[in-house]
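Breakdown of the fold
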Amino acid sequence: MQDFTRRALLQGGTALAATGALTGPALFDFARAWAADSPWKVAEPGAKLTVMRWKRFVPQEDEAFNAMVAAFKTATGTEMNVFSESFEDVQPKASVAANTGSGLDLAWGLHTLPQLFPTKVLKMNDVADYLGKKYGGWTDAAAKTCKLGDDWLGIPVATNGGYMTYRKSATDKAGFKEFPKDFPGFLEMCKALKANNTPAGFALGHASGDGNSWLHWVLWGHGAYTVDQNDKVIINSPETAKALEYCKALYETFIPGTPSWNDSSNNKAYLAGELYCTANGISIYVGAKTDPTKKELTEDTYHALWPVGPIGKPTELQLALPILAFNFTKYPNAAKAFIAFMLEKENYEKWLSGAQGYLTQTLNAYETAPVWTADPKNAVFAQASKRTLPASGIGTVGEKAATAIADFIVVDMFANYCTGTKDVKGSMAEAERQLKRIYR
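Being a predicted model, the structure only gives us computed values, none of them experimental.

Reading the values: the criteria
Residues numbered from 1 in each chain as written. Predicted model: local features only at pLDDT ≥ 70, side-chain atom pairs only at ≥ 80, totals over all residues. Heavy atoms only, no water. Helix = DSSP H or I, 4+ residues; strand = E, 2+ residues; numbered from the N terminus. Rg over C-alpha atoms; globule rule 2.2 N^0.38 Å. Buried < 20%, exposed > 50% of the residue type's maximum accessible area, 1.4 Å probe, protein only. Contact = heavy atoms within 4.5 Å. Lys, Arg positive; Asp, Glu negative; His and termini not counted. Charge placed at Lys NZ, Arg CZ, Asp CG, Glu CD. Phe/Tyr/Trp six-rings, centres within 6.5 Å; stacked < 30°, edge-to-face > 60°. Lys NZ or Arg CZ within 6 Å of the ring centre and 35° of its normal. Core = buried A, V, L, I, M, F, W, Y, C linked by side-chain atoms within 4.5 Å. Pairing = 2+ DSSP bridges. Axes fitted to C-alpha atoms, helices over the stretch in contact; angles between N-to-C directions. Polar contact = N/O pair within 3.5 Å; in protein donor to acceptor, adjacent residues only side chain to side chain. Parallel < 35°, antiparallel > 145°, perpendicular 65-115°, else oblique. Nonpolar A, V, L, I, M, F, W, Y, C, P; charged D, E, K, R; others polar. Left-handed = near helix turned anticlockwise from the far one by under 90°. Salt bridge = Lys/Arg side-chain N within 4 Å of Asp/Glu carboxyl O. pLDDT = per-residue confidence, 0-100. Right-handed = clockwise from strand over helix to strand, strands pointing away.

Now for the overall build of the protein chain. Tallying secondary structure elements over the protein chain gives 20 helices and ten strands in all. Taking 440 residues into account, the globule formula puts the C-alpha radius of gyration at 22 Å, and the protein chain, at 22 Å, falls close to it. On the principal axes, the C-alpha backbone points of the protein chain span a range of 65 × 55 × 30 Å. The buried share of the protein chain, reckoned over its 440 residues, is 58%. Considering only contacts within the protein chain whose residues lie at least 6 apart along the sequence, 77% involve residues at least 24 apart. Each charge sign in the protein chain was given a centre, from 45 positive and 45 negative side chains, and these centres are 1 Å apart.

In structure tokens:
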């Protein structure tokens, strides 16, 4: 391998993109320099990694990711087989690999995926320490997502920040010049939107990202949780009952069909002009911005933080996107090297820019990444990793909490009540029964 050093590379006049991110030949030169100098520079002979990732929502993100994969492959000689799956399919397929001990080397999924397989993953302490020291440390919830005791079960690559996405003309007409900051104001706005035939809508189906995010926000905002700090199941409570009643009042203002929505349903409805307020990543706005027929919709689309509930502080559940390597991989060094390479500045800022705000940093040094000032409507999403709670709420982040999320226990509890399948007591009792089976 040719002996490049980073200093020689940067002094040698290799071109940089306007954002400071490496592109084209410069990226390949950087990758060679990095591979020669990194703590994982000795790749296993004949290394080949099979990587499953969640399916991209923003094409430019996919392009930036594919560019870093190609650069890593060229610099290290590691063969890379990367394929994408929907959010809903990542966890089941990762589970098959974990149970069979084959099929995947790395799985990149959502929420607390590494916690589902604590005995089957390759410990990432060295990768986490290297990146944390170099880039200002990890955000709190991101670290909790991947840690079990002192061990890192995976690396929290990014957070998919979901915030309120709305059409300002509709909220203005409804009498809300500013987006509501509390639960009562939000409900009143949704009622007014429905009255004007410009409804809101949020997923009540098995939408791994959207459904879990907004319904945990409602639950936690009322001071209700699945378990307490000692992992005792406390879902059957007066606070949960209040959350259910509030959610049903919201549901009655929604566009029809939300109990069957998956993670792409609200995107489609909003872009089709049928939906005027929802919670989502920035992908709706990006989709409109890149479609010349959606100019009016783009200009009318704004973003806002989640309103705060009776508990009096943010209770957001943002979508963590951790990556893990299975401990049965034949190429652990190559797996660690690839993960570390992804989060180096020369790759990561370009990837964030490609995502156009859809993804948020988990390393503090990237708070000043160019993507957050490229468009004023991007700025709110920069806060996602710092405002979110871990997926366990106030409980222990671990395999049990990950299972509760993966099994849609909270989502189904709210859906059961909102759709009339069960009453308040029945909905809470069913969730309690399922949680006690997990937390036994």
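Once you've had a look at it, read on.
Counted according to the given criterion, the structure contains 31 aromatic pairs. Geometry around Y417 places K248 over its ring, the cationic atom sitting 4.6 Å from the centre. Lying across the ring of Y302, K377 places its NZ or CZ 4.2 Å from the centre.

The nonpolar side chains of soluble globular proteins are, as a tendency, buried together. Ranked by size, the top nonpolar core spans 141 residues in total, and within it I155, F186, W214, W351 and F414 carry the most contacts. Non-local contacts of F186, meaning those with residues more than four positions away in its chain, are made with M164, F179, P180, F202, W217, Y246, L250, C277 and P307. A203, I255, W261 and L275 belong to the second largest nonpolar core, which has ten residues in total.

For the rest of this paragraph, the subject is the environment of L131. Within the fold, L131 resides in helix α5 (residues 125-134). Here L131 falls in the buried class, since its relative accessible area comes to 0%. In the structure, L131 is positioned 215 residues away from E346 in sequence and 13 Å away in space, judged by C-alpha atoms. Apart from the residues lying within four places of it in its own chain, the contact partners of L131 are W138, A340, L343 and L363.

On to the sheet that holds strand β9 (residues 301-304), then. Spatial ordering of the open sheet is given by β8-β7-β9, a layout of three strands whose pairing is antiparallel. Of all the strands in the sheet, just β8 (277-280) and β9 have a single pairing partner and so form its edges. Ignoring strand direction, the axes of neighbouring strands in this sheet form an average angle of 30°.

What follows is about the side chain of H216. Of note, H216 is situated in helix α9 (residues 210-221). Engagement of the side chain of H216 in a polar contact is seen with the backbone oxygen of N212, the distance being 2.8 Å. If we ignore the near neighbours within four places in the chain, the residues touching H216 are G221, T315, L317, I405 and V410.

What follows covers the packing of α9 against helix α19 (residues 409-418). Where α9 meets α19, the closest approach of the two axes is 9 Å, and the angle between their N-to-C directions is 75°. Between α9 and α19, the angle falls in the class roughly perpendicular. Contacts between α9 and α19 involve G211, N212, L215, H216, V218 and L219 on the former and, on the latter, V410, V411, M413 and F414. Here the contact of α9 with α19 is built from residues that sort into seven nonpolar, three polar and no charged.

Right, let's get into the packing of helix α2 (residues 24-37) against helix α14 (residues 332-342). Relative to each other, α2 and α14 sit at 130°, their axes nearing to 12 Å. Compared by their axis directions, α2 and α14 come out oblique. Seen along the crossing, α2 lies across α14 with a hand that is right-handed. Here F30, A31 and W34 of α2 lie close against α14, whose contacting residues are A337, A340 and F341. Within the contact of α2 with α14, the residues separate by chemical class into six nonpolar, no polar and no charged.

With that settled, the discussion passes to the pattern of salt bridges. This model, assessed by the stated rule, comprises 20 salt bridges. A salt bridge links R53 to E61; the nearest nitrogen and oxygen atoms lie 2.8 Å apart. The exposure class of R53 is buried, given its relative accessible area of 1%. Among the ionic pairs, E367 bridges to K386, the shortest N-O distance being 2.5 Å. One end of the pair, E367, is in the loop between α15 (345-355) and α16 (371-374); the other, K386, is in helix α17 (residues 384-387), with 19 residues separating them in the sequence. Assessed through its relative accessible area of 38%, E367 is described here as partly exposed.

The topology assignment puts D263 in the loop between α10 (238-251) and α11 (265-271). Here D263 sits buried without a salt bridge, and the closest side chain of opposite charge, K268, lies 12 Å off (N-O distance). A polar contact is formed between the side chain of D263 and the backbone nitrogen of S208, at a distance of 3.0 Å. A distance of 3.1 Å separates a polar side-chain atom of D263 from the backbone nitrogen of G209. Setting aside chain neighbours within four positions, we find D263 in contact with F57, F87, E88, A207, S208, G209 and D210.

Before going further, it helps to examine the confidence of the model for the protein chain. This prediction gives the protein chain a mean pLDDT of 91; 94% of its residues lie at or above 70. A low-confidence stretch, residues 1-21 stays under pLDDT 50, and its non-local contacts, those more than four residues away or across chains, total 30 contacts.

What follows covers the pairing of strand β1 (residues 48-54). Counted residue by residue, β1 has six buried out of seven residues, so it is predominantly covered. Two strands pair when backbone bridges link them, and β1 and strand β2 (residues 79-85) are joined in this way by seven bridges, in the parallel orientation. Bridged to R53 within β2 is S84. This β-α-β element, β1 to helix α3 (residues 59-76) to β2, shows right-handed connectivity. In terms of strand pairing, β1 meets strand β3 (residues 106-108) through two bridges, oriented parallel. The partner of M52 across the bridge, within β3, is A107.

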